[in-house]
Amino acid sequence: MAMARRSASRLISSFRPFSLLLQPLDDAPSLAAAAAAASARRAMSSASALRVRDEKDVARWRDSMERMRNIGISAHIDSGKTTLTERVLYYTGRIHEIHEVRGRDGVGAKMDSMDLEREKGITIQSAATYCTWNGYQVNIIDTPGHVDFTIEVERALRVLDGAILVLCSVGGVQSQSITVDRQMRRYGIPRVAFINKLDRMGADPWKVLNQARSKLRHHNAAVQVPIGLEEEFEGLVDLVELKAYKFEGGSGQNVVASDIPSNMQDLVTEKRRELIEVVSEVDDQLAEVFLNDEPISASQLKAAIRRATVARKFIPVYMGSAFKNKGVQPLLDGVLDYLPCPVEVENYALDQNKSEEKVLLGGTPAGALVALAFKLEEGRFGQLTYLRIYDGVIRKGDFIYNVNTGKKIKVPRLVRMHSNEMEDIQEAHAGQIVAVFGVDCASGDTFTDGAVKYTMTSMNVPEPVMSLAVSPISKDSGGQFSKALNRFQKEDPTFRVGLDPESGETIISGMGELHLDIYVERIKREYKVDAKVGKPRVNFRETITQRAEFDYLHKKQSGGQGQYGRVCGYIEPLPSGSDGKFEFDNMIIGQAIPSNFIPAIEKGFKEACNSGSLIGHPVENIRIVLTDGASHAVDSSELAFKLASIYALRQCYGAAKPVILEPVMKVELKVPTEFQGTVTGDMNK
């Protein structure tokens, strides 16, 4: 019976649509309303599903952004930047062997990919890489220390969110440390300091910490205390967590935590109190707890240090020895704990549609694409352009717009860099540093997806300070030589190439002797062109000191129309303070020389003044007065009078007692206050 009821109900339900169709027409409006309601319900459910999906995407993006750090490693020459980066890559699993900068195996550090860098043991080009530490993605740019390559530091800091300032525990705060710190201030970059080389003889981290306070005006304090120094350097005590750490294993990969040694308890208590006091001065929340004499937990102190560091009011100081594999892992933890993620940094663009009005970028992948090309490199597959993405998402195959040139470009290949190695990726979002191939642009260009017309503020490019004259030894290699100079000029804004109009020499200008030597060596290696290098010719000038008469007849007859022109007059020095450097006066009375030949005579004298007879340099401060002359009805011409005036100046030039003028330079010296007396004394000598 029950079975019969079930089959009947199935029959009824199967026939229900037909019964609906057979209803009278009066019920049609109610049917339409039911359909509309059903469609509205479907739309609402799909909208809510979309919103949930969007919310999930936003949450995923935000989590991804918060777990990202973009940092640079900068310091004075030989402070251990590249060695530190090598250890970071090893401990994060990006490389599986440690190689030293000047190692006996001849392999060289991972970030020094250029042959010249490995030979000389210095960093020439900034190199980008990325690694993962405790679930966070860290993009690192290792920068050079020499002032000659300061543009590499400048453009790296322009696009980074945080930095590690490495200081040598023996050398302390040195000249380039001050320059690098100034660059970090210019771009408003939060930073942590790392006092390196605690294993060296004469290491004194407390002296360096005080130097940073006095010379760099750092509001800082140590977050670690070393266990022993020099040969006895064993490990570190963390002042926040109050734990001692030692680094064991062949490469210091095993971090062993233990209690603080009993003989260091007093020092640790004193230094922790100092840390809390210094942070309390710039963080109100911690100051309140500190003034109420309440115990301060590790999490409270860590949060306060992060707030103060991100606000650029405090610089935590870490310690260690990268070469001896000690202190690198806690420094990496410090980068995650205290340096900002891309969302916490304020980046501004200029809206070109609103007369360069400042616009705060959201720094999220949901916005329109805004990316800055901060570095160019000529690779095997064409121009490699490094991009920092500030807003939106870039995908392989997308069309992007160069706001500076107005060109629409397709992204043929998108890569992530690991020194000189590349990893192809399909897309990259805000906060990441990537590189693209086949995009023709200049350093400092801004790219968007066309939805907005924003440009990023440009970076500071210092003026060149030194020049050399350079020319290829073989005339056949002129094409390659020009190609090399054009490429280097495009890659490096501080490298300038010019042609001296007087000497005709090719002049290269840069930030120093090493800078130019490296480029000459690269021309030789990469383009197989041997170049001859010398100091640029000094641009002397010549002038006359007394009056001298001239009377010259230029006469030439060689069949047909000849040449005839006679000029008479005198030359004399211009009075001091005259506006011009050359004057020509026509004092002829009558028509001894027809007026249509006078411009040719002036042109001839000007041409003669371009190269004086004394040393072949231009003649200045000279007045030429034409008083008489003669012409021929048939043989006189503009050429004849021009040649007559050239030879007339040469004839009387010696009698005017010419002298050489040396260039006068305006020199400005900038000296730290403490060395002012010494420098003034040296100059007076």
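Keep in mind that what you see is a predicted model, and the values were worked out from it rather than measured.

## Here we look at the overall build of the protein chain
Reasoning step 1: Per the secondary structure count, the protein chain includes 16 helices and 34 strands.
Reasoning step 2: For the protein chain, buried positions account for 47% of its 685 residues.
Reasoning step 3: On the protein chain, roughly 34500 Å² of surface is accessible, and the fraction owed to carbon and sulfur atoms is 51%.

## A word on the sheet that holds strand E13 (residues 357-360)
By definition, the strands of a sheet pair up through backbone hydrogen bonds, in either a parallel or an antiparallel sense.
Reasoning step 1: Reading across the sheet, the three strands line up as E13-E12-E24 and stay open at both edges, with antiparallel pairing between neighbours. Of all the strands in the sheet, just E13 and strand E24 (454-456) have a single pairing partner and so form its edges. Geometrically, the sheet is characterised by an average inter-axis angle of 45 degrees between neighbouring strands, direction not taken into account.

## Some remarks on the pairing of strand E8 (residues 235-238)
Reasoning step 1: Burial along E8 is two-sided: the residues Gly235 and Val237 and Leu236 and Asp238 are all buried.
Reasoning step 2: In this sheet, E8 lies alongside strand E7 (residues 224-227) in antiparallel orientation, the contact comprising four bridges. Within E8, the residue paired with Val225 across the bridge is Val237.
Reasoning step 3: Pairing of E8 with strand E9 (residues 243-248) involves four bridges; the strand directions are antiparallel.

## Some points on the confidence of the model for the protein chain
Reasoning step 1: On average, residues of the protein chain score 83 in pLDDT, and 89% of them are at 70 or above.
Reasoning step 2: Across the protein chain, the secondary-structure element scoring lowest on mean pLDDT is helix H1 (residues 2-21), at 40, and the one scoring highest is strand E11 (residues 315-319), at 94.
Reasoning step 3: Between residues 1-32, whose pLDDT stays under 50, and residues either more than four places distant or in other chains, the model counts one contact.
Reasoning step 4: Note on residues 43-53: pLDDT is under 50 here. Beyond four places in sequence and across chains, it has zero contacts.

## Topic: the pattern of salt bridges
Reasoning step 1: According to the stated counting rule, one finds 33 salt bridges in the structure shown.
Reasoning step 2: The salt bridge partner of Glu620 is Lys581, with a shortest N-O separation of 3.5 Å. Highlighted residues: Glu620 in the loop between helix H14 (598-609) and strand E33 (622-630) and Lys581 in the loop between strand E31 (563-573) and strand E32 (582-586), separated in sequence by 39 residues.
Reasoning step 3: Given a relative accessible area of 14%, Glu620 falls into the buried group.
Reasoning step 4: The salt bridge partner of Glu583 is Arg623, with a shortest N-O separation of 3.7 Å. Taken together, the residues Glu583 in strand E32 and Arg623 in strand E33 connect sequence positions 40 residues apart.
Reasoning step 5: Taking the relative accessible area as the measure of exposure, Arg623 reaches 17% and is therefore buried.

## So, unusual backbone geometry
Reasoning step 1: Here the phi dihedral of Leu242 falls at roughly 55 degrees; this positive angle occurs in a residue that is not glycine.
Reasoning step 2: You can see Leu242 is positioned in the loop between E8 and E9.
Reasoning step 3: One non-glycine residue with positive phi stands out, namely Arg312, at about 60 degrees.
Reasoning step 4: Its place among the elements puts Arg312 in the loop between helix H10 (298-310) and E11.
Reasoning step 5: Residue class for Arg312 comes out exposed when judged on its relative accessible area of 52%.

## So, the side chain of Glu86
Reasoning step 1: Secondary-structure assignment places Glu86 in helix H3 (residues 81-91).
Reasoning step 2: Nearest to the buried, unbridged Glu86 among oppositely charged side chains is Arg87, at 5.9 Å.
Reasoning step 3: Filtering out sequence-adjacent residues up to four positions away, Glu86 remains in contact with Ile95, Glu97, Ile98, His99, Ala109, Lys110 and Met111.

## Focus: the sheet that holds strand E4 (residues 162-168)
Reasoning step 1: Spatially, E2-E3-E1-E4-E5-E11-E6 is the arrangement adopted by the seven strands of the open sheet, whose pairing is mixed. Whereas interior strands pair on both sides, the edge strands pair on one side only; in this sheet they are strand E2 (127-133) and strand E6 (220-222). Shown here is a sheet whose adjacent strand axes are inclined to one another by a mean of 25 degrees, direction ignored.
Reasoning step 2: Here strand E1 (residues 68-75) runs beside E4; their pairing, made up of five bridges, is parallel. Note on E4: the bridge partner recorded for Ser74 is Leu165.
Reasoning step 3: This element, helix H11 (residues 328-338), spans E1, E2, strand E3 (136-142), E4, strand E5 (191-196) and E11 of the sheet and lies at about 165 degrees to E11.

## Description of a negative patch on the surface
Reasoning step 1: A grouping of Asp284, Glu288, Asp293 and Glu294 is seen on the molecular surface, where their side chains present a negatively charged patch.
Reasoning step 2: One can find Asp284 in helix H9 (residues 284-291).

## Description of a nonpolar patch on the surface
Reasoning step 1: Residues Met665, Val667, Leu669, Val671, Phe675 and Met683 make up a contiguous nonpolar surface patch of roughly 660 Å² in combined accessible area.
Reasoning step 2: Position of Met665 among the secondary structure elements: in the loop between strand E34 (658-661) and helix H16 (676-684).
Reasoning step 3: Classification of Met665 by relative accessible area gives exposed; the value is 67%.

## Re the nonpolar core
Reasoning step 1: Ranked by size, the top nonpolar core spans 52 residues in total, and within it Leu84, Ile164, Val237, Leu275, Leu301, Ile305 and Phe314 carry the most contacts.
Reasoning step 2: A per-element tally of this core places H11 first, with six residues.
Reasoning step 3: With near-sequence residues (within four places) excluded, Phe314 lies in contact with Arg191, His219, Asn220, Ala221, Leu275, Val278, Val279, Val282, Ile305, Ala308 and Thr309.
Reasoning step 4: Grouped together as the second largest cluster of nonpolar side chains are 26 residues, Phe597, Phe605, Val619 and Ala644 included.

## Digging into the environment of Ser477
Reasoning step 1: Summarising the element assignment, Ser477 is placed in the loop between strand E25 (466-472) and helix H12 (478-491).
Reasoning step 2: Beyond its immediate stretch of four places on either side in the chain, Ser477 contacts Pro472 and Val529.
Reasoning step 3: Side-chain polar atoms of Ser477 contact the backbone oxygen of Ser474, separated by 2.8 Å.

Rules of the game
- Along each chain, residues carry numbers from 1 onward, in the same order as the chain's sequence is written.
- Residues qualify for local features only when their pLDDT is at least 70, as the model is predicted, and side-chain atom pairs are given and counted only at 80 or more; totals for whole chains, interfaces and linings, by contrast, use all residues.
- Each side-chain value is derived from all of the structure's non-hydrogen atoms; neither hydrogens nor water enter the calculation.
- Helix numbers and strand numbers start at the N terminus; a helix is a DSSP run of H or I with at least 4 residues, a strand a run of E with at least 2.
- Partly exposed describes any residue whose relative accessible area lies between the buried limit of under 20% and the exposed limit of over 50%, with all areas from a 1.4 Å probe on protein chains only and scaled to the type maximum.
- Each accessible area is a Shrake-Rupley result for a 1.4 Å probe, and residues are judged covered by the shown protein chains and nothing else.
- When DSSP finds two or more bridges between two strands, those strands count as paired.
- As a rule, the C-alpha atoms of each element are fitted with a line to give its axis, helices using only the stretch in contact, and angles between N-to-C directions run from 0 to 180 degrees.
- Per residue, pLDDT measures the predictor's confidence, with a range of 0 to 100.
- Throughout, a residue-residue contact means that at least one pair of heavy atoms, one from each residue, lies within 4.5 Å.
- Salt bridges are defined as contacts in which a side-chain nitrogen from Lys or Arg sits within 4 Å of a carboxyl oxygen from Asp or Glu.
- The sign given to each residue is positive for Lys and Arg and negative for Asp and Glu; His and the chain ends receive no count.
- Distance thresholds for patches are 9 Å for like charges and 5 Å for nonpolar side chains (Val, Leu, Ile, Met, Phe, Trp, Tyr), applied to residues having over 30% relative accessible area and no salt bridge.
- The location of each charge is read from NZ of Lys, CZ of Arg, CG of Asp or CD of Glu.
- By convention a nonpolar core is built from buried Ala, Val, Leu, Ile, Met, Phe, Trp, Tyr and Cys residues, the set being connected through side-chain atoms within 4.5 Å.
- Two N or O atoms form a polar contact when they lie within 3.5 Å of each other; inside protein one atom must be a possible hydrogen donor and the other a possible acceptor, and for residues adjacent in sequence the pair counts only when both atoms belong to side chains.

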